[in-house]
Amino acid sequence: MVLTLPEISALKSAMAEQGIAVHFHNTCGSQYFTLDETSDAIVAAIQAWFAGRPQNRLVFTPDQLGFYILD
């Protein structure tokens, strides 16, 4: 699932309000996001933001410094 630019902006703004830096990367038809740092609280905040979007299934990298959305 590809997020629209307004959705990406809303995600980044919501996380920035919590002191979480989310970086957006767009590559050949896919998108992924990276974080400057991670913790259980940061992962939970991101998951909470996506909780209202059941069509978006998140997958975090093993180090939890990145995530993407499955189609």
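Note that the structure is predicted; figures quoted are calculated from it, not measured.

Novice: So what exactly am I meant to see when it comes to the packing of helix α1 (residues 5-16) against helix α2 (residues 40-51) here?
Specialist: Each pair of packed helices gets described by two things: the angle between the helix axes and the distance between those axes. The geometry of α1 relative to α2 is characterised by a closest axis approach of 11 Å and an angle of 140° between their N-to-C directions. As summarised for this structure, α1 and α2 are arranged oblique, according to the angle between their axes. Crossing angle aside, the handedness with which α1 passes α2 is right-handed. On α2, the residues that touch E7, A10, L11, A14 and M15 of α1 are A45, I46, W49 and F50.

Novice: It is not clear to me how the pattern of salt bridges should be interpreted in this structure. Could you clarify?
Specialist: Here the idea is simple: oppositely charged side chains can pair when their charged atoms come close. If you walk through the whole model with that rule in mind, you get one salt bridge. For the salt bridge of E7 with R53, the shortest nitrogen-to-oxygen distance reads 3.7 Å. You can see E7 sitting in helix α1 and its partner R53 sitting in the loop between α2 and β3 (57-60), a full 46 residues away along the chain.

The rules behind these values
Along each chain, residues carry numbers from 1 onward, in the same order as the chain's sequence is written. With the structure being a predicted model, the display of local features is reserved for residues of pLDDT at least 70 and the display and counting of side-chain atom pairs for 80 or more, all residues being used for whole-chain, interface and lining totals. With hydrogens and water set aside, each side-chain value is computed from the structure's full complement of heavy atoms. Angles here are taken between N-to-C directions and fall from 0 to 180 degrees, while the axes themselves are lines fitted to C-alpha atoms, restricted in helices to the stretch in contact. Numbering of helices and strands runs from the N terminus; a helix is a DSSP stretch of H or I covering at least four residues, while a strand is a stretch of E covering at least two. Here the angle decides the label: under 35 degrees means roughly parallel, over 145 means roughly antiparallel, 65 to 115 means roughly perpendicular, and every other value means oblique. Each crossing gets its handedness from the near helix: less than a right angle anticlockwise from the far helix is left-handed, clockwise is right-handed. Contacts: residue pairs with any heavy atoms within 4.5 Å of one another. Note on definitions: salt bridges are taken to be side-chain nitrogens of Lys or Arg within 4 Å of carboxyl oxygens of Asp or Glu.

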